[in-house]
Amino acid sequence: MKKLAFTRQVPGRHWVGDGFPVRSLFTYDDSGAALSPFLLLDYAGPHVFPPTSRKLGVGEHPHRGFETVTIVYDGEVDHRDSSGGGGRIGPGDVQWMTAAGGLVHEEFHSPGFAQRGGRFEMVQLWVNLPERSKLAPPRYQGIRAGQIPTVTLADGAGTLRVIAGSHAGIAGPARTVTPIDVWDVHLHQGRQTTLTVQAGHTAAIVVLAGTLVLGSGERLEGPRLAVFERQGERISLQAESAVHLLFLGGEPIDEPIVGYGPFVMNSREGIEQAIIDFQAGRMGNLGEIAGSEIARSG
Ligand code: MN
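Quick notes on the rules
- Each chain carries its own residue numbering, running from 1 in the direction its sequence is written.
- Local features in this predicted model are restricted to residues whose pLDDT is 70 or higher, and side-chain atom pairs enter the listing and the counts only when it is 80 or higher, whereas totals over whole chains, interfaces and linings include all residues.
- Only hydrogens and water are set aside; all other atoms, that is, all heavy atoms of the structure, feed into the side-chain values.
- Per the convention used, a helix needs a DSSP run of H or I reaching at least four residues, while a strand needs a run of E reaching at least two, with both numbered from the N terminus.
- Values of the radius of gyration come from C-alpha atoms, whereas the globule rule sets the reference at 2.2 Å times the count of residues to the power 0.38.
- For every residue, the accessible area (1.4 Å probe, protein chains only) is compared with the maximum for its type, and the residue is labelled buried under 20%, exposed over 50%, or partly exposed between those bounds.
- Contacts are residue-level and defined by heavy atoms, with any inter-residue pair within 4.5 Å sufficient.
- Per-residue and other accessible areas were derived by the Shrake-Rupley procedure at a 1.4 Å probe size, with only the shown protein chains allowed to occlude residues.
- Charge counting treats Lys and Arg as positive and Asp and Glu as negative, with His and both chain ends excluded.
- We put the charge of a Lys on NZ, of an Arg on CZ, of an Asp on CG and of a Glu on CD.
- Two strands pair under a simple rule: DSSP has to find at least two bridges between them.
- Coordination shells were defined by N, O and S atoms within 2.8 Å of each metal, extended to 3.2 Å for Na, K and Ca; water is absent from the atom set, which can make sites look incomplete.

Tallying secondary structure elements over the protein gives 4 helices and 26 strands in all. For the protein, the C-alpha radius of gyration of 19 Å lies close to 19 Å, the compact-globule estimate for 298 residues. Counting only C-alpha atoms and orienting by the principal axes, one finds that the protein spans roughly 55 × 45 × 35 Å. Here the protein holds 298 residues, and the buried ones make up 53% of them. Sequence separation of at least 24 residues holds for 72% of the intrachain contacts in the protein that already meet a minimum separation of 6. Summed over its atoms, the accessible surface of the protein is roughly 12400 Å², and 50% of this surface lies on carbon and sulfur atoms. A distance of 3 Å separates the average location of the 26 positive side-chain charges in the protein from that of its 31 negative side-chain charges.

All right, on to the pairing of strand S14 (residues 158-164) then. Burial analysis of S14 places 6 of its 7 residues in the buried class, the great majority of the element. One ladder, built from 3 bridges, connects strand S13 (residues 150-152) with S14; its direction is antiparallel. Considered in S14, the bridge of Thr152 is made with Thr159. In textbook terms, the turn of a hairpin is the stretch between consecutive antiparallel strands, and for S13 and S14 this stretch comprises 5 residues, one of which, Asp155, has a positive phi near 60 degrees. Where S14 meets strand S17 (residues 180-187), 6 bridges bridge the pair, whose relative direction is antiparallel. Directly across from Ala164, in S17, lies its bridge partner Val182.

Ideal coordination angles are 109.5 degrees for a metal with four donors arranged tetrahedrally and 90 or 180 degrees for a metal with six donors arranged octahedrally. Taken together, the protein ligands of the manganese ion are His61 (NE2), His63 (NE2), His105 (NE2) and Glu107 (OE), with distances of 2.1 to 2.5 Å. Along the chain, the residues donating to the manganese ion fall in the pattern H-x1-H-x41-H-x1-E. With His63 in strand S5 (residues 57-63) and His105 in strand S10 (residues 103-109), this pair connects stretches of sequence that are 42 residues apart. Here His63 and His105 have matching classes, each one buried.

Before going further, it helps to examine the environment of Phe26. Along the chain, Phe26 falls in strand S3 (residues 20-27). Classification of Phe26 by relative accessible area gives buried; the value is 0%. Residues Phe26 and Phe38, 12 residues apart in the sequence, show an inter-C-alpha distance of 9.1 Å. Filtering out sequence-adjacent residues up to four positions away, Phe26 remains in contact with Arg8, Ser31, Leu35, Phe38, Leu39, Leu40, Leu41, Leu125, Leu225 and Leu248.

All we've got here are geometric facts, nothing functional implied.
Next up, the structure:
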């Protein structure tokens, strides 16, 4: 069995723009190397938005040096970036955006969802890139719920969606730069399961909702993060109530992490260059995209 390294609970929420009330379950400032290649996880909602004609979210901003992975559970998010990537994702869908060398993007509630209002729940995960890939061209993967295989766990324990990596020989659709497992797991109340994971990799469980008891006895009431030691391959889980969790696994990137706002590089010089390149317009802008006015009014 893997040993628990530490757990983390975040008492408060803060707003990202006016669309995303988030808890930061971890950031590279507080958990850095222990969670490599993962840099940050913001859990937005659950939150009920009243109907509005306003555009809720975050306007044009840059990223360089990593990936943003957005998993929507409730609500709808529209995205547009300066590399031409974009789309609308709804419940069960995932957007895997590789900022790499740099882009600017915007993230808003879809106009339809804003006008209807309702329950909103979403996760945004930041995944680091190794130095050799930090300045590669950007890439956008819009992944529909129907493309994500759902594994039924033994003994009616629940279900596991393989977003990235593989589980019991079933591979997920996301293309990743380094080996990564992202599994979206629902466990039924009172059931137990054992996850077999890659020895030597980072391993963490983010309990989004419900109360989970680990094989070692620790009780995790969501939202809460549990980070495991790298040795060992098995994590035993018991659901005290119905549980929704994310498993994050990945090969650690053994490089320095130097971040500044929306840029995560390996060195101070890398950050200074990112600021220069952004200010010089070398990460593009949304006005340059053909059809952007149509998208804006749509
Ligand atoms: Mn962003």
